[in-house]
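As a plain string of letters, each chain reads:
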Amino acid sequence: MHVILVTGGAGFIGSNFVLNWLANQQEPVVVLDKLTYAGNPDNLAHYQNDPRLQLVVGDIGDRALVEGLLSQHQPRAVLNFAAESHVDRSIHGPADFIETNIVSTFSLLESVRGYWQNLAEPARQAFRFLHVSTDEVYGSLSDTAPAFTEQHRYEPNSPYSASKAASDHLVRAWHHTYGLPVLTTNCSNNYGPYHFPEKLIPLMILNALNGKALPVYGDGKNVRDWLYVVDHCRAIERVLAAGQVGETYNVGGCNEKTNLEVVHTLCDILDELQPRADGASYREQIRFVQDRPGHDRRYAIDASKIIEQLGWTPQESFETGIRKTVEWYLSHPEWVEKVQSGAYREWLGKQYAE
Ligand code: NAD
Ligand code: DAU
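Residues numbered from 1 in each chain as written. Chains lettered and ligands numbered in written order. Predicted model: local features only at pLDDT ≥ 70, side-chain atom pairs only at ≥ 80, totals over all residues. Heavy atoms only, no water.

Asks: Could you clarify how one ought to interpret the pattern of salt bridges in this entry?
Replies: Oppositely charged side chains can form a pair if their charged atoms are brought close together. The full count for this structure, using the stated rule, is 19 salt bridges. With a shortest N-O distance of 2.9 Å, Arg113 and Glu110 are connected by a salt bridge. Within this pair, Arg113 and its partner Glu110 are both found in helix H4 (residues 95–117), separated by 3 residues, close to a single helical turn. Neither Arg113 nor Glu110 differs from the other in exposure class; each is buried. Measuring nitrogen to oxygen at the nearest pair gives 2.9 Å for the salt bridge that ties Lys324 to Glu316. The exposure class of Lys324 is partly exposed, given its relative accessible area of 40%. Using a relative accessible area of 17% as the deciding quantity, one classes Glu316 as buried. Through salt bridges with shared partners, one network takes in Arg89, Glu198 and Lys199. (Salt bridge = Lys/Arg side-chain N within 4 Å of Asp/Glu carboxyl O. Helix = DSSP H or I, 4+ residues; strand = E, 2+ residues; numbered from the N terminus. Buried < 20%, exposed > 50% of the residue type's maximum accessible area, 1.4 Å probe, protein only.)

Asks: Explain the site of ligand 1 here, please?
Replies: Around ligand 1 lies a shell of 28 residues, among which Ile13, Asp33, Ser85, Tyr160 and Lys164 are the nearest. Within the backbone of Val132, an N or O atom sits 3.4 Å from an oxygen atom of ligand 1. Taking Tyr160, its side chain carries an N or O atom lying 2.6 Å from an oxygen atom of ligand 1. In isolation ligand 1 has 830 Å² of accessible area, and contact with the protein removes 96% of it. Those elements that place two or more of their residues in the shell around ligand 1 are helix H1 (12–24), strand S5 (128–134) and helix H6 (159–178). In terms of residues, the shell around ligand 1 owes the most to one element, S5, which gives 3 residues. The residue inventory of the shell around ligand 1, partitioned by class, reads 12 nonpolar, 12 polar and 4 charged. (Near = heavy atom within 4 Å. Polar contact = N/O pair within 3.5 Å; in protein donor to acceptor, adjacent residues only side chain to side chain. Areas by Shrake-Rupley, 256 points an atom, 1.4 Å probe, with all protein chains shown as cover. Nonpolar A, V, L, I, M, F, W, Y, C, P; charged D, E, K, R; others polar.)

Asks: When you look at the site of ligand 2 in this model, what are you seeing that I'm missing?
Replies: Taken together, 25 residues surround ligand 2, and among them Asp135, Tyr160, Arg292, His295 and Tyr352 come closest. Tyr217 is positioned such that a nitrogen or oxygen atom in its backbone is 2.8 Å from an oxygen atom of ligand 2. One of the side-chain nitrogen or oxygen atoms of His295 is found 2.6 Å away from an oxygen atom of ligand 2. Look at ligand 2: alone it shows 690 Å² of surface, and the protein chains cover 94% of it. Going through the elements one at a time, helix H3 (87–92), helix H7 (200–209) and strand S8 (214–217) are the ones with two or more residues in the shell around ligand 2. If one sorts the elements of the shell around ligand 2 by residue count, S8 sits on top with 3 residues.

Asks: Please explain the sheet that holds strand S6 (residues 182–187) as it appears in this structure.
Replies: Within a sheet, each strand pairs with its neighbour through backbone hydrogen bonds, oriented either parallel or antiparallel. The strand order across the open sheet formed by 7 strands is S3-S2-S1-S4-S5-S6-S11, and the pairing between neighbours is parallel. The sheet terminates laterally at strand S3 (53–57) and strand S11 (248–251), the two strands that pair on one side only. Within this sheet the neighbouring strands show an average axis-to-axis angle of 20°, counted without direction. Where strand S1 (residues 4–7) meets strand S4 (residues 77–80), 4 bridges bridge the pair, whose relative direction is parallel. Looking across to S4, one finds that Ile4 is bridged to Ala77. (Pairing = 2+ DSSP bridges. Axes fitted to C-alpha atoms, helices over the stretch in contact; angles between N-to-C directions.)

What follows is the structure, encoded as structure tokens:
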């Protein structure tokens, strides 16, 4: 039986990937996750007693640990979701982003290269290293510019996106120089279950329900291209199964929305599903706050390559996905309560002090 190693598999997208994988395949998964503030073993609780899932707590930059895991489990693929992922945190403190997204990714690549080079055929030929990256490496688009293709030049603007761009370059170089069989995906903004409530959509849902302000940065007209997380996970599975070694694939939902449109939609769904006691709309809680420094204006993904070459298409529309997401947060109060720890409150205090 083959095995895959998933790094960062207790985070938002990684855990959705693992849950989706185990629901649809027999192949076991070893998750390696440092369990930072963003990593949560509860996300994987559904499979905690399933022998196909093993969660190992540790750092992708720990050579001895990673090499031990590779040698013990002999995975046919390593999927790298592990990263520091929040732009605002990268502005307050870039060091962790440089450390994990660049230095530890380098270390992971070296561990994987050593393992792969010693594999016997046909395992060596079949092995894949899949690196999960972001559309933010391409920088910011004007309102009328065409969406990002895989050929768009790298123009990262935040410490987060610069660190992800650097990791993409390392992955590319390990393929070109050493022949490591890599695949890279660059995806737009995800949303869905298990999304940590520092990011726009879960933050707005929970702030609304808690009677707090809904802090919209700047004029609220920045545009993001939203993709339901399970559609992203399906795209990654497809790239792993059929992607061309050395290629990158853009993944996006064709759902460009301004932040204000997203917040209005969330308020309207909450007004319907859990109306405020005073009968007013949650829209009343919207507040325009100071903008994010260096805030990218617009992201949009041209996903033609993965659609045409690999036959992937998103199954969820923004309207169905966003409703499912609100319903998920309303029906998982225990998960919500547990993630809103002291450390989380500290972050809110620091970021939204004004
Ligand atoms: P997340 O912050 O929710 O999860 C990251 C996970 O990585 C956490 O479980 C954390 O504990 C783990 N981790 C962090 N540092 C680690 C280390 N040194 N060793 C091992 N584990 C470590 O992030 P996410 O939103 O799930 O994003 C996953 C990946 O997808 C990231 O690489 C991110 O750049 C990329 N991405 C995210 C989005 C999005 O909209 N969220 C979109 C495109 C790409
Ligand atoms: O594009 C993919 C990227 O999407 C991923 O690589 C990142 O890991 C992920 O965090 C996300 O980055 P964004 O910066 O786009 O996501 P965030 O949810 O932080 O913000 C979305 C938009 O909403 C952005 O324009 C900033 C704005 N915003 C965000 C927060 C947290 C607000 O207006 N108010 C807020 O309180």
